[in-house]
Amino acid sequence: MENIFLHFGDRFVRIVTILIESFPKLLVPCLKITITLTLFSFFFGLILALIIALVQVADIKGLKQFARFYVWIFRGTPLMLQLFIIFYGLPSFGIFFNGYIAAIIAFSLNLAAYNSEIIRSAIQAVPVGQTEAGYMIGLNYFQVMVRIVLPQAARIAFPPLFSSLIGLTKDTSLASSITVVEMMSVAKRIAAVYYEPFWMYMEAGFIYLMICTILTKVQSSFEKSMEWKQPTDTSTEMEALKGESIREDRGLR
Amino acid sequence: MLGVKNLHKSFGSNQVLKGIDFEVNEGEVVAIIGSSGSGKTTLLRCMAFLEQANDGIFIFDDLKKDIRSISKKEIKDIRMKMGFVFQSFNLFRNMTALQNVMEGLTTARKVDKETAKRKSMEMLAKVGMSDRANYYPDQLSGGQQQRVAIARALATDPEVILFDEPTSALDPELTGEVLEVMVKLAREGTTMVVVTHEMEFARNVADRVIFMENGVVVEEGEAKKVLSDPKEEATRRFLRRILRKEEEE
């Protein structure tokens, strides 16, 4: 009996030690690779998504068909395959990228396909009456888009776009398959060294979970700040203007 | 000043307007009445180019042209001199009441911000909404939203304002405040075309009433005459039905 307890005690101490020692080893690639990979990919993916969505909404001939084709391809094939084609496939045409760049390209292109659909549907969810009212006060198409449709679409698109950001954070682990040393591949290596795969992957999972928890907090605080509520601009100048008009109001009545 | 001749509009095989002649003169208030499906809203929307008419002549000030041949540029110029008030208000949800009213001035007409703000506050005061200038549409009642929408239409000094059933989406107790504003505008000599179900308003405020049915103008004339002593049987039938409904309410 005593031996067993001793055994458990030893093993417990050993696991805790491994976890503590490996924590910074995981955190460094997490901060350096996982997070930067996520941010760069999301940034480029979002810009591309906006363009792909806008050419469809604006119904630009040729470009719209191309956009549909693009979305069809990148949603219809596995992300892993896209990574492999860019990293392993393109070199046969003389195009070489290091793993990190290849990963950013693949994630951006893939994300753009999904996010463009989110943005497109958000734009189409803005009631047509908003656009009509914009035209009737004399705005042109561009002004209607920039001043009215896109700000409203942004609010509609925000939660699903943020979901795709959270999804991407975890999908970056796929980059380990094209030699990028991100958090997942480091966890795998340490697990192999100590023969403690369960605890190592639990620890990596915990870090992913923490990132996503932070992101979720960020999301909800952003959503609150995006609400079109509560009076703004209560500067004294504004008050003065108001007073003036109220007086005028009485006069007219 | 604003008018159409022989206006035709179909949605697919459904002919909604079958050769409408319409005209409004400066300072005049014209009410367009008729049951739903008669084409009165479509007529209004065609004149604002929110619907593309299939045939007809469009008249606006000195412009007189085949309605199909009017360019995008001309449409924009026409809209610059036109106000439109929607049944469902359509205030920009991402802007405060004040910003809604200012938008046509600052963005479309490049008026400087200070002037635009002053003018917009003046318009909000006119519709009795200056104390809600910084509220977003979602924080306002339907009647309040519609009054802001009227201020928005007024801010750009339009030559004519088109009203598309401005009180139909409102609770009965809120129609009064909107009608009150419209009466005020009419008294000030604003040129107005009003598609409406408010017979009281049409009788008391409109100079002229147009009764439409099945895409044609059935009867037209001085408001009081048409509404109290209609010549056409169809008009009489419509008025009887409306009155009965009003009594039930």
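Definitions and cut-offs
Residues numbered from 1 in each chain as written. Chains lettered and ligands numbered in written order. Predicted model: local features only at pLDDT ≥ 70, side-chain atom pairs only at ≥ 80, totals over all residues. Heavy atoms only, no water. Helix = DSSP H or I, 4+ residues; strand = E, 2+ residues; numbered from the N terminus. Buried < 20%, exposed > 50% of the residue type's maximum accessible area, 1.4 Å probe, protein only. Contact = heavy atoms within 4.5 Å. Axes fitted to C-alpha atoms, helices over the stretch in contact; angles between N-to-C directions. Parallel < 35°, antiparallel > 145°, perpendicular 65-115°, else oblique. Left-handed = near helix turned anticlockwise from the far one by under 90°. Core = buried A, V, L, I, M, F, W, Y, C linked by side-chain atoms within 4.5 Å. Buried area = accessible area lost by both parts, 1.4 Å probe. Salt bridge = Lys/Arg side-chain N within 4 Å of Asp/Glu carboxyl O. Pairing = 2+ DSSP bridges. Polar contact = N/O pair within 3.5 Å; in protein donor to acceptor, adjacent residues only side chain to side chain. 1 Å grid on protein atoms, 1.4 Å probe; cavity = no way out; pocket = protein on both sides within 12 Å on 5 of 7 lines; lining within 4 Å. Points joined across faces, edges and corners; volume = space filled by probe spheres on them. Nonpolar A, V, L, I, M, F, W, Y, C, P; charged D, E, K, R; others polar.

Caption draft 1: Summary view of the environment of L44 of chain B. Residues and elements named next belong to chain B. Positionally, L44 belongs in helix α1 (residues 40–47). Assessed through its relative accessible area of 0%, L44 is described here as buried. With 104 residues separating them along the chain, L44 and V148 place their C-alpha atoms 21 Å apart. Contact partners of L44, with chain neighbours within four places excluded, come to F84, L162, F163, D164, V193 and V195.

Caption draft 2: Spatial organisation of the packing of helix α3 (residues 97–109) of chain B against helix α5 (residues 142–155) of chain B. All names here are of chain B. Their axes nearest at 8 Å, the elements α3 and α5 cross at an angle of 20 degrees. When the interaxial angle is binned, α3 and α5 end up roughly parallel. Between α3 and α5 lies a crossing whose hand is right-handed. Residues A97, N100, V101 and L105 of α3 touch α5, and the partners they reach there are V148, A151, R152 and A155.

Caption draft 3: Quick peek at the nonpolar core. One finds L2, L7, F22, L43, F58, M82 and L162 of chain B to be the most contacted residues of the largest nonpolar core, which totals 64 residues. Top element by residues in this core is helix α6 (residues 141–171) of chain A. It accounts for seven residues. When neighbours within four sequence positions are excluded, L2 of chain B is seen to be in contact with F22, E23, V24, M47, F58, I59, F60, M82, V160 and L162 of chain B. Counting residues in hydrophobic clusters, the runner-up holds 52 residues, among them M102, A151, I161 and A223 of chain B.

Caption draft 4: Local environment of the interface of chain B and chain A. Between chain B and chain A, the contact holds 42 residues from the first and 34 residues from the second. Both faces combined, the contact of chain B with chain A buries some 3,500 Å², and carbon together with sulfur accounts for 57% of it. The interface formed by chain B and chain A contains two salt bridges. Ionic pairing is found between R45 of chain B and E132 of chain A, a salt bridge with its closest N-O pair at 2.5 Å.

Caption draft 5: Expanded view of the pairing of strand β5 (residues 63–66) of chain B. Residue and element names in this part refer to chain B. When strand β4 (residues 55–60) meets β5, the two strands line up antiparallel, connected through four bridges. Each bridged residue has a counterpart across the sheet, and for I59 the counterpart in β5 is K64. Hairpin connection from β4 to β5: two residues lie between these consecutive antiparallel strands, with D61 at a positive phi of about 50 degrees.

Caption draft 6: Region of interest: the side chain of E165 of chain B. Residue and element names in this part refer to chain B. With respect to the helices and strands, the residue E165 is situated in the loop between β7 (160–164) and α6 (172–187). Within the structure, the side chain of E165 is placed 2.8 Å from the side chain of S168, a separation counted as a polar contact. Among the polar contacts listed, one links the side chain of E165 to the side chain of H197, at a separation of 3.4 Å.

Caption draft 7: Expanded view of the pattern of salt bridges. This structure, assessed with the given rule, holds 23 salt bridges over all chains. The partner of K126 of chain B in a salt bridge is E188 of chain B, with the nearest N and O atoms 2.9 Å apart. Residue K126 of chain B is located in helix α4 (residues 113–126), and its partner E188 of chain B is located in the loop between α6 and β8 (192–195); the two are separated by 62 residues in the primary sequence. Of the residues examined, E188 of chain B reaches a relative accessible area of 39% and is grouped as partly exposed. Salt bridges sharing common partners tie together R68, R75, E117 and R120 of chain A.

Caption draft 8: Quick peek at empty space enclosed by the protein. Overall, the coordinates contain one cavity of 30 Å³ or more when judged by the stated rule. The volume enclosed by the largest cavity comes to roughly 60 Å³. Among the elements of the structure, α5 (128–136) of chain A together with β6 (82–85) and α5 of chain B are those that each provide at least two residues to the lining of the largest cavity. Partitioned by chemical class, the residues of the lining of the largest cavity number eight nonpolar, two polar and one charged.

Caption draft 9: Highlighting the layout of surface pockets. Within this model, the second largest pocket holds a volume of roughly 300 Å³. Taken together, Y135, L139, N140 and Y141 of chain A together with F49, K72, K73, I75, K76 and R79 of chain B make up the lining of the second largest pocket. The biggest single contributor to the lining of the second largest pocket is helix α2 (residues 72–80) of chain B, with five residues. Residues of the lining of the second largest pocket, tallied by class, amount to five nonpolar, one polar and four charged.

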